[in-house]
Amino acid sequence: MNRGSSAASCPPSLPADGHDGHSNNECRRVCSNCRKVLRQEKKIRVSLPLSRGPSAFIPEKEVMQANSLNERMHLLVEEYSISGRLDNITQVMSLHTQYLESFLRSQFYMLRMDGPLPLPYRHYIAIMAAARHQCFYLINMHVDEFLKTGGIPEWLNGLEYVPQRLKNLNEINKLLAHRPWLVTKEHIQKLVKTGENNWSLPELVHAVVLLAHYHALASFVFGSGINPERDLNTSNGYRLILVNSFCVCDLANDNNIENASLTSNNFGISDSLSELEALMNRMRRLQEEKEDEEASQEEMDTRFEKEKTESLLVVTEAFDDEILSIADVSRYIEDPGFGYKDFARRGEEHLPTFRAQDYTWENHGFSLVNRLYSDIGHLLDEKFRMVYNLTYNTMATHEDVDTTMLRRALFNYVHCMFGIRYVAQLEPVDEYI
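A quick note: this is a predicted structure, and the numbers were derived from the prediction, not measured.

### A look at the overall build of the protein
- Along the backbone of the protein there are 19 helices and 7 strands.
- Counting contacts in the protein only where the partners sit at least 6 residues apart, residues at least 24 apart contribute 73% of the total.
- Accessible area of the protein: about 23,300 Å², with a carbon and sulfur share of 50%.

Rendered as structure tokens:
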């Protein structure tokens, strides 16, 4: 773990909020690999960071300023919030008000409006989905909502206390969360043909929509650094380690903090700007090339194979948070060790990929869910279209930038990692990432 790789692996720094009088320092999060080195080899214990604001990654002032000017957000919260208050997810997501509206409307419909499943079931399924990703924030939120909606407290002791039909969701829950390319029609048939514990198709659609929603939302919670909800009058949060413009990971490498801190800021800014300019130039060049020629079917196949290979190189464990309370999480799931695994292994043939055109949202999924779970298709479609096209046409300080190709490349790359293949021309991901 050399200095260069450690620093590159750490999340962005956070402006200090004045804790402990170190107002001129920067707060940085320590990746799990370096936490282990610090704890095991150097006998230094590093607490997970918790800032005062809704996000550990976004300055509190920036979120609060946006919220204070956002009258639309407050109206949406009044109408669609399931908790009746402005939670941290909503505050952070309010930086993208258009998406927030689609998100809140669809989530409110899933959890509160008429549907095939009883209200307590809905929140318990949300707990099961969040538990697959060890997302304590969402688990805690829906434990509260489960009880408020009349859920049986005994169920919170674990899956052995819930009805068998809820337990039967375990298999599809873990596959959708970690390896969706392994889902087959047999998994569906097993759920709808299990005698007295079977699920009706409308119930199953409702359950799967909830599972997918909370798997995705767990990623948003982690990716946005959502902090736990807490009473502002208490002081039971973790303290941040404060280091002067320096990556905490270097503590694990015995690097000289004083010397490096003098230059780390300038080099980081310069490198970032250079990379941005290079990326924008590549975007312009690729857009021109795309207009001049159409890719053949053979070329598209080659690009997909290349993306598969590159996805094998993605480091998926560096920022996995340590399992602090695995017993609390595992009570809501089975096979807790099951996780993401590359769908494509080097040398393998006949990979279990989904060809997106064989079963598309537009031609198949939309009509199916709308028929079995009325109106949810319209709400999901609105949300999908919103996030697919959402852009501010900016990159750092640059304005009026056409980000289409970059966004499509990332869209295809993420789907490729989860075994979903698009026959339409794949953006050359390797040019961007």
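### Some words on the packing of helix H4 (residues 71–80) against helix H6 (residues 97–112)
- Two numbers describe how H4 lies on H6: the axes approach to 10 Å, and their chain directions differ by 5 degrees. Regarding the angle of H4 to H6, the classification is roughly parallel. Between H4, through Arg72, Met73, Leu76, Glu79 and Tyr80, and H6, the contact on the second element is made entirely by Thr97, Leu100, Glu101, Leu104, Arg105 and Phe108.
- Taken together, the residues of the contact of H4 with H6 break down into 6 nonpolar, 1 polar and 4 charged.

### A short note on the packing of aromatic side chains
- Counted according to the given criterion, the structure contains 14 aromatic pairs.
- Seen from their ring centres, Tyr109 and Tyr373 are 5.6 Å apart, and the 35 degrees between their planes marks the pair as tilted. Taken together, the residues Tyr109 in helix H6 and Tyr373 in the loop between helix H17 (361–372) and helix H18 (376–389) connect sequence positions 264 residues apart.
- Judged by relative accessible area, Tyr109 falls into the buried class, the value being 14%.

### Description of the pattern of salt bridges
- Counted by the stated rule, this structure contains 9 salt bridges.
- For Glu229, the salt bridge goes to Arg85, with nearest N and O atoms at 3.1 Å. With Glu229 in the loop between helix H12 (201–223) and strand S3 (242–243) and Arg85 in the loop between H4 and helix H5 (88–93), this pair connects stretches of sequence that are 144 residues apart.
- What makes Glu229 partly exposed here is its relative accessible area of 28%.
- The class of Arg85 is partly exposed, set by a relative accessible area of 41%.
- In this structure, the salt-bridge partner of Glu203 is Arg165, at a minimum N-O distance of 2.6 Å. Remark: Arg165 occurs in helix H9 (residues 164–167) and Glu203 occurs in helix H12; sequence separation between them is 38 residues. Across the pair, exposure class does not vary: Glu203 and Arg165 are buried alike.
- One network of salt bridges, in which partners are shared, links Arg112, Glu145 and Lys148.

### A look at the environment of Val63
- Inspection of the secondary structure puts Val63 in helix H3 (residues 60–68).
- Taking the relative accessible area as the measure of exposure, Val63 reaches 0% and is therefore buried.
- With residues up to four places along the chain from it excluded, the contact list for Val63 reads Pro54, Ile58, Gln91, Val92 and Leu95.

### Structural notes on the packing of helix H7 (residues 119–132) against helix H10 (residues 170–178)
- Relative to each other, H7 and H10 sit at 50 degrees, their axes nearing to 9 Å. Taken as axis vectors, H7 and H10 run oblique relative to one another. Of the two possible hands of crossing, H7 and H10 adopt the one that is right-handed. Each of Met128, Ala129 and Arg132 in H7 lies in contact with H10, whose residues at this interface are Asn170, Asn173, Lys174, Ala177 and His178.

### Concerning unusual backbone geometry
- Phi at Gln134 is positive, roughly 55 degrees, even though this residue is not glycine.
- Taking relative accessible area as the criterion, Gln134 reaches 22% and is therefore assigned partly exposed.
- The backbone of Ala396 sits at a positive phi, close to 55 degrees, despite the residue not being glycine.
- Mapping Ala396 onto the fold places it in the loop between strand S5 (394–395) and strand S6 (398–399).
- Here Ala396 falls in the exposed class, since its relative accessible area comes to 64%.

### Quick notes on the nonpolar core
- Ranked by size, the top nonpolar core spans 64 residues in total, and within it Tyr124, Ile125, Leu138, Leu166, Leu169, Trp199 and Ile376 carry the most contacts.
- For this core, the leading source of residues is H12, giving 10 residues.
- Leu276, Met280, Val401 and Leu406 belong to the second largest nonpolar core, which has 7 residues in total.

### Description of the confidence of the model for the protein
- With 63% of its residues at a pLDDT of 70 or more, the protein has an overall mean of 75.
- Per-residue pLDDT stays below 50 along residues 1–29; that stretch engages in 65 contacts with residues further than four places along the chain or on separate chains.
- Segment residues 232–269: pLDDT under 50, and 71 contacts once partners within four positions in sequence are set aside and those in other chains are kept.

### Some details on H7
- With 14 residues, H7 extends 21 Å from end C-alpha to end C-alpha; this agrees with the ideal 20 Å at 1.5 Å per step.
- With respect to burial, H7 is a largely interior element, 13 of its 14 residues being buried.

### Let's talk about helix H8 (residues 136–148)
- Taking 1.5 Å as the rise per residue, H8 with 13 residues should run 18 Å; its terminal C-alpha atoms sit 18 Å apart, in good agreement.
- Turning to H8, its buried residues are Tyr137, Leu138, Ile139, Met141, His142, Val143, Glu145 and Phe146.
- Gly150 lies just past H8 and shows a positive phi near 95 degrees.

Reading the values: rules and limits
Residues numbered from 1 in each chain as written. Predicted model: local features only at pLDDT ≥ 70, side-chain atom pairs only at ≥ 80, totals over all residues. Heavy atoms only, no water. Helix = DSSP H or I, 4+ residues; strand = E, 2+ residues; numbered from the N terminus. Contact = heavy atoms within 4.5 Å. Areas by Shrake-Rupley, 256 points an atom, 1.4 Å probe, with all protein chains shown as cover. Axes fitted to C-alpha atoms, helices over the stretch in contact; angles between N-to-C directions. Parallel < 35°, antiparallel > 145°, perpendicular 65-115°, else oblique. Nonpolar A, V, L, I, M, F, W, Y, C, P; charged D, E, K, R; others polar. Phe/Tyr/Trp six-rings, centres within 6.5 Å; stacked < 30°, edge-to-face > 60°. Buried < 20%, exposed > 50% of the residue type's maximum accessible area, 1.4 Å probe, protein only. Salt bridge = Lys/Arg side-chain N within 4 Å of Asp/Glu carboxyl O. Left-handed = near helix turned anticlockwise from the far one by under 90°. Core = buried A, V, L, I, M, F, W, Y, C linked by side-chain atoms within 4.5 Å. pLDDT = per-residue confidence, 0-100. Expected span 1.5 Å × (residues − 1).

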